[in-house]
Amino acid sequence: MALQMFGIPVSRGVAVGRAVLISSARLDVAHYFVDPGQEEAEVNRLRAARSAVRAELQTLQAELPPDAPPELAAFMDVHMMLLDDPQIGRETAGWIRRRRYNAEWALTAQLDVIARSFDDMDDSYLRERKADVEQVVERLLRALQGTQGLTGGVHGGDDLVLVAHDIAPADMMQFKQGVFRGFVTDIGGKTSHTAIVARSLDIPAVVGAREASRLIRQDDWVIIDGDNGLLIVDPSPAIVDDYRVRKQESELSRQRLLRLRNTPARTLDGQTIELLANIELPDDCDTALVAGAGGIGLFRTEFLFMNRSRDLPGEDEQFEAYRRVLQSMGGKPVTIRTIDIGADKPLDADLDYRDGEFTHLNPALGLRAIRYSLSDPAMFRVQLRALLRAAAFGPLRILVPMLAHARELRQTLEQLELARAELRAAGVEAGPVELGVMIEVPGAVLMLPLFLRYFDFISVGTNDLVQYTLAIDRADESVAELYDPLHPAVLQLLAQTISLSHAAHGWKGRPVHVSVCGEMAGDPQLTRLLLGLGLRSFSMHPAQILRVKQEVLRADCSRLAPLAQAVLAELEPEGQARALAALAG
Ligand code: PEP
Ligand code: MG
């Protein structure tokens, strides 16, 4: 009987594949397939690492001072025995030969198998030996680090899906190369950054599946139904066939949507709607262009800063990345957000986040986004100078995340001026930029009369606006039920932001451009509501653009406006559901 589990659907589509279980702590090792025919060479690489570790342990043992406690020598004996154990040697080689996993991946896969068998033991002494196996594997991984694997083979076998307790956003980025066909995690919410990156990969994903990584075993066949948040483990052949048909159908409808790529995004009553892309890395511009994006509405630059230990990108490297985006977009507007580090997006070297746990009590309310940047003005200006230099290569809008205080506004403007002065003093060319603010906390909505006087544009980060308005951690599956973008309070704040921006006579004496760049903008079920509230600019993952465009093409804003007002007026769920049904009809 197939096992079924439910989680939170975060990225659409169906994946059918064999489970690869990876413990969160080991996600940072390389995952790739070795080229066919190179399996034995990779096994030899593993063998060499084992010899190196054996020599290392022997040296350590030989150099023990005479008065060292005898347990230390015994401890090294245990590690040497484990190194020679077939569970580590032969079985790990098995993963390389059968699956063509690189040695590091094979080791962590095998460690997972061993760890589970230890967890099942009754004897507490033996159970504790798990730590020894982990230490030996750790040494092996270090020994492999210096040696180059035979990279990049294309996998010819079964499709694979990744199952983990949690995946940090920084680790998720490493899977952009496409080894896996789908993702499952035990924890996380719909707008957690891990979910956002999974969605940007356009691969079926389910988060918050609670027990998944405990109940699914290495190599189990798993169906991930990303539309319904359903996982089926060990499905019968009939169910697999059924899902394969569904997969083909969703592929076909995707192909059909591509026909809309060059169709202007105009509503039935002639309103032109701006459909922009959210990206994480410069390379994502290609996907944005293929989807027909009118520009970049949000480049989350913090992803440039991840996976680099303490070696943060310098001014030149950042400048190159920003210039690449502007040049790739060929004159279309590009909005680049200054780093939004913190909360569920730590730098991987940050001591804030260890083994899936934050060490700060309330990271979402702590030092994140603009607060982080202003806490280190020299680092902030490196980014601002890189941005100002890149602005010479195309229309650039700089976006500031999570600003709420007048003081932060003033400090940000000062830092921007200072960065410009530094470039001028060095004789380096800078281009013109527009400056915008993200509306992500309810306090910022109430500060709009001030912000609209200083900023050129507004971008609503609904992911955080929902989180902070309703006091619900967006990354916590245990309160995911309460995370509601349609909550009347959220809709009121959103509507107010749109109408105040349109009514404003910003410092340039004209209405202030307003866009939504949170996940709400990419949800086709919300397009009509947002259009009805007056929104004319949407920024989303490239994969969503054509679905949203389809809704735009069928919409009549003049008809939707009063219907959206009716939704706003409803504070009770039943009334709101009725008003939403009228809007959808
Ligand atoms: C948001 O909060 O809606 C947003 C777009 O920013 P992020 O998801 O990166 O926090
Ligand atoms: Mg945000």
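Keep in mind that what you see is a predicted model, and the values were worked out from it rather than measured.

Novice: Got a minute to help me understand the overall build of the chain in this structure?
Specialist: Tallying secondary structure elements over the chain gives 23 helices and 18 strands in all. Relative to the 2.2 N^0.38 estimate, which gives 25 Å for 585 residues, the radius of gyration of the chain is 26 Å and therefore close to what a compact globule would have. Once the C-alpha set of the chain is aligned to its principal axes, its extents read approximately 80 × 65 × 40 Å. Taking all 585 residues of the chain together, 54% fall into the buried category. Considering only intrachain contacts with a sequence separation of at least 6, the fraction spanning at least 24 residues in the chain is 71%. Surface summary for the chain: the accessible area is close to 25100 Å², and the carbon and sulfur share equals 53%. The centroid of the 63 positive side-chain charges in the chain is displaced by 7 Å from the centroid of its 80 negative side-chain charges.

Novice: When you look at the site of ligand 1 in this model, what are you seeing that I'm missing?
Specialist: In the neighbourhood of ligand 1, 17 residues make up the surrounding shell, with Arg300, Arg337, Glu440, Asn463 and Arg474 lying closest. The contact in question runs from an oxygen atom of ligand 1 to an N or O atom on the backbone of Thr462, over 3.1 Å. A distance of 3.0 Å separates an oxygen atom of ligand 1 from a polar side-chain atom of Asp464. Protein chains shield 100% of the accessible area of ligand 1, which is 290 Å² for the free molecule. When residues of the shell around ligand 1 are assigned to their parent elements, the largest contribution, 3 residues, is made by helix α18 (residues 462–470). Looking at side-chain class alone, the shell around ligand 1 contains 4 nonpolar, 5 polar and 8 charged residues.

Novice: Just checking my understanding: could you explain the coordination of the magnesium ion (ligand 2) for this structure?
Specialist: Geometry sets the ideal angles at a metal, namely 109.5 degrees for four tetrahedral donors and 90 or 180 degrees for six octahedral donors. In the first shell of the magnesium ion (ligand 2), the protein supplies Glu440 (OE) and Asp464 (OD), at 2.0 Å from the metal. Taken together, the positions of Glu440 in the loop between β15 (433–439) and α16 (442–446) and Asp464 in helix α18 put the pair 24 residues apart, joining distant regions of the chain.

Novice: Got a minute to help me understand the pattern of salt bridges in this structure?
Specialist: Charged atoms that come close allow side chains of opposite charge to pair. With the rule as written, the count across this model stands at 32 salt bridges. Glu104 is paired through a salt bridge with Arg45; the nearest N and O atoms lie 2.7 Å apart. Of this pair, Glu104 sits in helix α4 (residues 103–119) while Arg45 sits in helix α1 (residues 39–62), and the two are 59 residues apart along the sequence. Its relative accessible area of 9% is what places Glu104 among the buried residues. Accessibility expressed as a relative area gives 9% for Arg45, which makes it buried.

Novice: Mind showing me how you'd approach the packing of helix α12 (residues 315–328) against helix α14 (residues 377–390) here?
Specialist: Interhelical geometry of α12 versus α14 gives an angle of 40 degrees and a closest axis separation of 8 Å. Considering the angle they form, α12 stands oblique to α14. Judged by the sense of rotation from one axis to the other, the crossing of α12 with α14 is right-handed. On α14, the residues that touch Glu315, Asp316, Gln318, Phe319, Tyr322, Arg323 and Leu326 of α12 are Val382, Gln383, Arg385, Ala386, Leu387, Arg389 and Ala390.

Novice: Explain the sheet that holds strand β8 (residues 230–233) to me, please; I cannot follow it from the model alone.
Specialist: Sheet strands line up and pair through hydrogen bonds in the backbone, either parallel or antiparallel. On the basis of which strands lie adjacent, the open sheet formed by 8 strands has the order β1-β8-β7-β3-β4-β5-β6-β2 and mixed pairing. With partners counted over all chains shown, the strands left at the sheet margins are β1 (3–6) and β2 (8–11), one partner each. The mean inter-strand angle of the sheet, taken between neighbouring strand axes irrespective of direction, is 30 degrees. Here 4 bridges tie β1 to β8, and the two strands are oriented antiparallel to one another. Residue pairing for β8: Gln4 is matched across the bridge by Ile232.

Analysis parameters
Residues numbered from 1 in each chain as written. Chains lettered and ligands numbered in written order. Predicted model: local features only at pLDDT ≥ 70, side-chain atom pairs only at ≥ 80, totals over all residues. Heavy atoms only, no water. Helix = DSSP H or I, 4+ residues; strand = E, 2+ residues; numbered from the N terminus. Rg over C-alpha atoms; globule rule 2.2 N^0.38 Å. Buried < 20%, exposed > 50% of the residue type's maximum accessible area, 1.4 Å probe, protein only. Contact = heavy atoms within 4.5 Å. Areas by Shrake-Rupley, 256 points an atom, 1.4 Å probe, with all protein chains shown as cover. Lys, Arg positive; Asp, Glu negative; His and termini not counted. Charge placed at Lys NZ, Arg CZ, Asp CG, Glu CD. Near = heavy atom within 4 Å. Polar contact = N/O pair within 3.5 Å; in protein donor to acceptor, adjacent residues only side chain to side chain. Nonpolar A, V, L, I, M, F, W, Y, C, P; charged D, E, K, R; others polar. Donors = N, O, S within 2.8 Å, 3.2 Å for Na, K, Ca; no water. Salt bridge = Lys/Arg side-chain N within 4 Å of Asp/Glu carboxyl O. Axes fitted to C-alpha atoms, helices over the stretch in contact; angles between N-to-C directions. Parallel < 35°, antiparallel > 145°, perpendicular 65-115°, else oblique. Left-handed = near helix turned anticlockwise from the far one by under 90°. Pairing = 2+ DSSP bridges.

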